[in-house]
Amino acid sequence: MPATLSCEVAIPLPLHTTFTYRVPAELAEEICVGGRVRVPFRQRKLVAVVTAISETVPAHELKEVLEVIDREPLLTPGLLKLAQWLIDYYFAPPGEVFRAMLPLPTKAVRVRSDRRVCLSRPAGKVRLGRREQQVVAALEKRPEGLRVSELKRLARVPASVVRRLEAKGVVIAVAAAVSELPLFASDWVVTAEPVLTEEQQRALAELERGLQARTFAAMLVHGVTGSGKTELYSRAIQLCVAQGRTALLLVPEIALTPAVAALFQARFGDEVVVQHSGLSAGERSQGWWRLRRGQARIAVGTRSAVFAPMENLGLVIVDEEQDSSYKQEETPRYHGRDTAVVRAKLEGALAVLGSATPALESSYLARTGKYGWVQLPRRVADRPLATVDVVDMRQEFEETRQVSLLARRLRAAVVETLTSGGQVLVLQ
């Protein structure tokens, strides 16, 4: 007879507490920490994340868990520890933290008939009805997915059954074009790796020593623009994956992910998953599950990708670590760079912070020896840096007695460039 249990759950609302529920005997063997359950809350039924399970049941009357959605944890042990750190350090609401970590459907949504439905994860972990099993059986025969209209016909079920499966996370509905043309195809042309400069070779040797130690360490890669930091990241990820571990690369802006992802996709193929808020819910969920199942070992994304559900993490890279875009301005508020370093510490991984203009705190930690310090002071092939001229506009006014946004030297340079057929970019 299963023991009488209670559980603590984090509800996705801005509340600074967890809530205790009684676990019915028939669900006692299914519930798990890090998995989702459905619970009654006020007049609603909400999906929550289990944060603790206890055999001690409070004397006062408790509401009961209605349904166990996951029979195995969605969140890795490392992410559970990271969530607790975020809650404590940033005084963040627990439910908001877990909601940020789980970009998954929490309620039934309308599934359009022009969408393609694919299996999201093994269905054996979720309790399914007879009609739901028919849908899963149809999709197991067609791993590339089926349009909703085809699925309804083959499985002989209404669309409401598909919606229930999507709410349980068993299937995802994505745009047909996305399914037919995956985010990353496997037939990319792999370009030859460039020859590393002596400075890059020394820097890579430092990173390799850090990876071989298999313990937490943080390193600042301080390299001028064009010094080859991205190639250094690629080689380090290659070493990490060769060790059988996973790697995470953060970039500050969504606009940077296509070019970076293209480079890494050319090198590593389907091992790469992109994660950022610009993707559709289906694309994000599909990538999330690939990482969680271990079908991909490299995640590239913006600050929210710091929560990528990867196990055996060996390398965490934060490019342009000084960028203010890593600061989350909405609840839960956190700094993506600092959270990345803490995650690396909790999981015994190497944290690499890269920048041409390091943040003051990162520079200080490197200079005082708390972080390793790798420097790339020259550009690849010794290409010259751009020249910068500072013009004192007060002096311009003294000489011309005219108020102008553009200095005379700038206007002359613009005219000269356009006359010679060149292009000009002016930032104000």
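What you are looking at is a predicted structure, and each value in this text was computed from that prediction instead of being measured.

### A short note on the sheet that holds strand 15 (residues 372–376)
Argument step 1. Spatially, the 7 strands line up as an open sheet ordered 11-12-10-13-14-9-15, and their pairing is parallel. Two strands in the sheet have a free side with no partner beyond their single neighbour: strand 11 (272–275) and strand 15. Here the average twist between neighbouring strands, direction ignored, is 15 degrees.
Argument step 2. Across 4 bridges, the pairing between strand 10 (residues 246–250) and strand 12 (residues 298–301) is parallel.

### Comments concerning the nonpolar core
As a rule of thumb, soluble globular proteins bury nonpolar side chains together.
Argument step 1. Among the nonpolar cores identified, the biggest contains 43 residues, and Met101, Leu248 and Leu250 are the most heavily contacted of them.
Argument step 2. Contributing elements (two or more residues each) for this core: helix 1 (77–89), helix 2 (94–101), strand 9 (217–223), strand 10, helix 10 (281–293), strand 13 (313–319), helix 11 (336–347) and strand 14 (350–355).
Argument step 3. Discounting chain neighbours no more than four positions away, the residues touching Met101 are Leu75, Leu79, Leu82, Ala83, Leu86, Trp288 and Phe307.
Argument step 4. Judged by nonpolar contacts, the second largest core, of 28 residues, contains Leu196, Leu249, Val374 and Leu376.

### Observations regarding unusual backbone geometry
Argument step 1. Residue Thr331 is joined to Pro332 through a cis peptide bond whose omega torsion reads 0 degrees.
Argument step 2. In this model, Arg156 sits at a positive phi of 60 degrees, which is unusual for a non-glycine residue.
Argument step 3. Note that Arg156 resides in the loop between helix 4 (148–155) and helix 5 (159–167).
Argument step 4. The exposed category is assigned to Arg156, whose relative accessible area is 72%.
Argument step 5. Of note in this structure, Arg214 is not a glycine but carries a positive phi near 55 degrees.
Argument step 6. Following the sequence through the fold, Arg214 ends up in the loop between helix 7 (198–213) and strand 9.

### Quick word on the sheet that holds strand 5 (residues 67–68)
Argument step 1. With respect to topology, 5 strands assemble into an open sheet ordered 2-1-4-3-5, the strand pairing being antiparallel. Each end of this open sheet is capped by a strand with a single partner; those strands are strand 2 (19–23) and strand 5.

### As for the packing of helix 3 (residues 130–141) against helix 5
Argument step 1. Where helix 3 contacts helix 5, the two axes come as close as 10 Å, and the packing angle between them is 80 degrees. Judged on the interaxial angle alone, helix 5 and helix 3 are roughly perpendicular. Across the interface between the two elements, Arg131, Glu132 and Val135 from helix 3 touch Val161, Arg164 and Leu165 from helix 5.
Argument step 2. Partitioning the contact of helix 3 with helix 5 into residue classes produces 3 nonpolar, no polar and 3 charged.

Cut-offs applied
- Each chain has its residues counted from 1, running along the sequence as written.
- Residues qualify for local features only when their pLDDT is at least 70, as the model is predicted, and side-chain atom pairs are given and counted only at 80 or more; totals for whole chains, interfaces and linings, by contrast, use all residues.
- Hydrogen atoms and water are omitted, and side-chain values are computed over all heavy atoms in the structure.
- Strands were regarded as paired on the criterion that DSSP finds at least two bridges between them.
- The secondary structure listing takes helices from DSSP runs of H or I that are at least 4 residues long and strands from runs of E that are at least 2 residues long, numbered from the N terminus.
- A fitted line through C-alpha atoms serves as each axis, taken over the contacting stretch for helices, and the angle formed by two N-to-C directions is quoted from 0 to 180°.
- Residues enter a nonpolar core if they are buried and are Ala, Val, Leu, Ile, Met, Phe, Trp, Tyr or Cys, with the set joined through side-chain atoms within 4.5 Å.
- Think of it in three bands: with a 1.4 Å probe and only protein chains considered, a residue is buried below 20% of the maximum accessible area for its type, exposed above 50%, and partly exposed in between.
- A contact between two residues is defined here by any heavy atoms of the two lying within 4.5 Å.
- Roughly parallel here means an angle under 35 degrees, roughly antiparallel means over 145, roughly perpendicular means 65 to 115, and every remaining angle is called oblique.
- Under the grouping applied here, Gly and all other residues not named as nonpolar or charged are polar, the nonpolar ones being Ala, Val, Leu, Ile, Met, Phe, Trp, Tyr, Cys and Pro and the charged ones Asp, Glu, Lys and Arg.

These results come straight from atomic positions and should not be treated as a statement about function.
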